[in-house]
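Residue-level structural notes
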Amino acid sequence: MKAKKTIGRIDKLDLPELGLVKVQAKIDTGAYTSAIHCSKIHIEKDKEGRELLVYTISAKRLGQGMKAKKFKTADFKLKKIKSSNGQVQERYVVKTKIKIFNKIYNTEFSLSDRSHMKNPILLGRKLLSGRFVVDVTEENLSYQYHQNGR
């Protein structure tokens with residue numbers, strides 16, 4: 001059995017395909033799907049008539065020196081997701097890569113307005129399961145690991 005890494009209750013993570021670095025994330029074992037803060041989420045058609053999901057990740061939620069980024073993708077799905085207050089919502093879900101402890105993982109993020117939340121990213125059980133153990137007394141273990149050049 002492979003040893004699991006210990007991750008704290010919050011951490012700073014990279015999303016290389018989105019060009020995002022050191023974005024603060026809350027580790028949430030109560031959530032199944034991971035989520036990322038987005039706005040201006042809508043569908044538009046490309047020249048061939050394919051549906052594209054368009055969304056913006058706002059600058060003030062990302063950290064110092066970052067600008068708002070607009071993304072378009074044809075690789076998305078609409079899923080029913082239970083929110084923290086127990087309501088079921090339909091949300092768009094996209095696939096991307098995330099870097100934790102200098103290792104790249106493929107994962108999915110639901111696109112959500114997290115402007116009222118402290119952290120722009122929430123990491124759920126689907127990503128954590130079988131890979132990480134959560135120690136709620138710790139913070140930024142992956143970020144420190146990265147800073148120490150491991």
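It should be noted that the structure appears before, not after, this text.
Let me sum up the structure you'll find in this document. (Residues numbered from 1 in each chain as written. Predicted model: local features only at pLDDT ≥ 70, side-chain atom pairs only at ≥ 80, totals over all residues. Heavy atoms only, no water.)

By volume, the largest pocket is sized at about 560 Å³. Lining the largest pocket we find 24 residues, and of these K82, S83, S84, R91 and L122 sit closest to its centre. Taken together, the residues of the lining of the largest pocket break down into six nonpolar, 10 polar and eight charged. For the second largest pocket, the full set of lining residues is K2, A3, K4, K5, I100, F101, K103, Y105, G130, R131 and F132. The residue inventory of the lining of the second largest pocket, partitioned by class, reads five nonpolar, one polar and five charged. (1 Å grid on protein atoms, 1.4 Å probe; cavity = no way out; pocket = protein on both sides within 12 Å on 5 of 7 lines; lining within 4 Å. Points joined across faces, edges and corners; volume = space filled by probe spheres on them. Nonpolar A, V, L, I, M, F, W, Y, C, P; charged D, E, K, R; others polar.)

The next thing to look at is the sheet that holds strand β6 (residues 51-57). Across the sheet, three strands lie side by side as β5-β6-β7; this open sheet has antiparallel pairing. For this open sheet the edge positions go to β5 (39-45) and β7 (69-73), each flanked by a neighbour on one side alone. The mean angle between the axes of side-by-side strands here comes to 20°, regardless of whether they run parallel or antiparallel. Pairing analysis gives five bridges linking β5 to β6, with the strands arranged antiparallel. The residue of β6 that forms the bridge with I43 is L53. (Pairing = 2+ DSSP bridges. Helix = DSSP H or I, 4+ residues; strand = E, 2+ residues; numbered from the N terminus. Axes fitted to C-alpha atoms, helices over the stretch in contact; angles between N-to-C directions.)

What follows is about the packing of aromatic side chains. This structure, assessed with the given rule, holds five aromatic pairs. Between F76 and Y92 the ring centres are 5.7 Å apart and the planes differ by 70°, which places this aromatic pair in the edge-to-face class. Of the two residues, F76 sits in strand β8 (residues 76-82) while Y92 sits in strand β9 (residues 88-100), which places them 16 residues apart along the sequence. Judged by relative accessible area, which is 21%, F76 ranks as partly exposed. Y92 gets classed as partly exposed once you look at its relative accessible area, which sits at 22%. One aromatic cluster is present, formed by F101, Y105, F132 and Y145 through successive ring pairs. Over the ring of Y143 we find K12, and its NZ or CZ is 4.9 Å from the ring centre. (Phe/Tyr/Trp six-rings, centres within 6.5 Å; stacked < 30°, edge-to-face > 60°. Buried < 20%, exposed > 50% of the residue type's maximum accessible area, 1.4 Å probe, protein only. Lys NZ or Arg CZ within 6 Å of the ring centre and 35° of its normal.)

All right, on to the environment of E51 then. Counting through the fold element by element, E51 comes out in strand β6. Owing to a relative accessible area of 44%, E51 belongs among the partly exposed residues under this scheme.

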